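# Notes for the structure review
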Amino acid sequence: MPATPPTATPDTLVAPAAPVTRRRLHLPAWADRLGAFGAFICALHCLLVPVALALLPALGLGLVAWHGVEWAFTSLATVLAVVSLYLGYRGHRAYHAWLLVAPGLVLVWLALLYPPLHDSILPHAAAMATGGMLIAIAHLVNLRLSYGHSH
């Protein structure tokens, strides 16, 4: 068995372990911009539908008032908001955007799934528009927290 030189200690014989680095998934800034824009368009759609319901069939735009569009917008807004805010939170560790998106998502899903609210035109439009605006603002807050400058 070979002897170790007197200057070597057991600690110096072991190579230091390389630091473990994990790549975190980050959504690009355009994802929050897209979420904010989509939520704003959804809120605008919900505000205009009660006014435009009489005009849409005459113009041949019945698709805009179709309930499947509501389901699609609400589902897409929910997935994009939750994923975007979760990934943003992992970076900035601020919960401010969650305080806006949670009531916004509750409002839009409640307006979609609760029959008395869904069947009444003006309260439905108000709930969907308010929820959509809260989701849009939450995306903008998340964008600011993720990519804004802090001094």
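In the block above lies the structure referred to throughout.
To keep things clear, this report deals only with the structure shown in the data block. Sequence order sets the numbering: in each chain, residues are counted from 1 along the sequence as written. The model is predicted, so local features are restricted to residues of pLDDT at least 70 and side-chain atom pairs to those at 80 or more, both for listing and for counting; the totals for chains, interfaces and linings are taken over all residues. Side-chain descriptors were evaluated using all non-hydrogen atoms of the structure, hydrogens and water having been removed beforehand.

### Some points on the nonpolar core
In these notes, a set of buried Ala, Val, Leu, Ile, Met, Phe, Trp, Tyr and Cys residues joined through side-chain atoms within 4.5 Å is what counts as a nonpolar core. Three exposure classes are used, based on accessible area relative to the maximum for each residue type with a 1.4 Å probe and protein chains only: buried under 20%, partly exposed in between, and exposed over 50%. Counting 17 residues, the largest nonpolar core has V101 and I135 as the members making the most contacts within it. In this description a helix means any DSSP run of H or I spanning at least four residues, a strand means any run of E spanning at least two, and both kinds are numbered starting from the N terminus. Where this core is concerned, the elements lending two or more residues are α2 (29-52), α4 (67-92), α5 (96-113) and α7 (121-147). Considering every element that reaches this core, the biggest residue donor is α7, with 6 residues. Residues contacting I135, with those up to four places away along its chain left out, are A39, A81, V101, G104, L105 and V108. Note on contacts: a residue pair qualifies if any of its non-hydrogen atoms lie within 4.5 Å across the two residues.

### What about empty space enclosed by the protein?
Method remark: on a 1 Å grid restricted to protein atoms, a set of points is classed as a cavity if a 1.4 Å probe fits but cannot get out and as a pocket if it is open with protein on both sides within 12 Å along at least five of seven lines; lining residues have an atom within 4 Å of a point. Grid points are joined across faces, edges and corners, and a volume is the space filled by probe spheres set on the points. Applying the stated criterion to the full structure yields 1 cavity of 30 Å³ or more. Counted as a void, the largest cavity has a volume near 40 Å³. Around the largest cavity, the lining residues are A39, C42, F73, T74, A77, V108, G132 and I135. A per-element tally of the lining of the largest cavity places α4 first, with 3 residues. Residue polarity is assigned by list, with Asp, Glu, Lys and Arg as charged and Ala, Val, Leu, Ile, Met, Phe, Trp, Tyr, Cys and Pro as nonpolar; anything else, Gly included, falls into the polar class. Tallied by class, residues from the lining of the largest cavity come to 6 nonpolar, 2 polar and no charged.

### Quick notes on the packing of aromatic side chains
What describes a pair of aromatic rings is the distance from one ring centre to the other and the angle between the planes of the rings. Whether two aromatic rings pair depends on their centres lying within 6.5 Å, for rings of Phe, Tyr and Trp, where Trp uses its six-membered ring; planes under 30 degrees apart make the pair stacked, over 60 edge-to-face, and the rest tilted. If you walk through the whole model with that rule in mind, you get 1 aromatic pair. Ring centres of W71 and W109 lie 5.8 Å apart, and the angle between their planes is 70°; this geometry places the pair in the edge-to-face category. With a gap of 38 residues between them, W71 in helix α4 and W109 in helix α5 connect regions that are remote in the sequence. What makes W71 partly exposed here is its relative accessible area of 40%.

### Side note on α5
Over its 18 residues, α5 extends 27 Å from the first C-alpha to the last, a length consistent with the 26 Å expected when each residue adds 1.5 Å. Within α5, the full set of buried residues consists of A97, V101, G104, L105, V108, A111 and L112. Summarising the axial view, the buried residues of α5 lie within an arc of 135°, below the 170-degree limit, and thus occupy one face. Among the exposed residues of α5, those oriented more than 90 degrees off its buried face are L99 and V106. Of the surrounding elements, those touching the buried residues of α5 are α4, α6 (115-119) and α7. A helix's residues, less one, multiplied by 1.5 Å, set its expected span. Our arc is simply the arc of the directions from the helix axis toward the C-beta atoms.

### Looking at the packing of α5 against α7
Axis definition: a line fit to C-alpha positions, over the contact stretch in the case of helices; interaxial angles, taken between N-to-C directions, run 0 to 180 degrees. Interaxial distance between α5 and α7 falls to 7 Å at its minimum, and their mutual angle equals 155°. When the axes of α5 and α7 are compared, the pair comes out roughly antiparallel. Judged by the twist between their axes, the crossing of α5 over α7 is left-handed. Looking at the contact of α5 with α7, its residues break down into 16 nonpolar, 7 polar and no charged. Here the angle decides the label: under 35 degrees means roughly parallel, over 145 means roughly antiparallel, 65 to 115 means roughly perpendicular, and every other value means oblique. By definition, any crossing whose near helix is turned counterclockwise from its far helix by less than a right angle is left-handed, and any crossing with a clockwise turn is right-handed.

### Focus on the packing of α4 against α5
Two elements in contact, α4 and α5, have axes separated by 11 Å at closest approach and are oriented at 165°. The angle between α4 and α5 falls in the class roughly antiparallel. Along this stretch, α4 crosses α5, giving a crossing that reads as left-handed. Facing α4, whose interface residues are E70, W71, T74, S75, T78, A81, V82, L85, Y86 and Y89, α5 presents A97, W98, V101, L105, V108, W109, L112 and L113.

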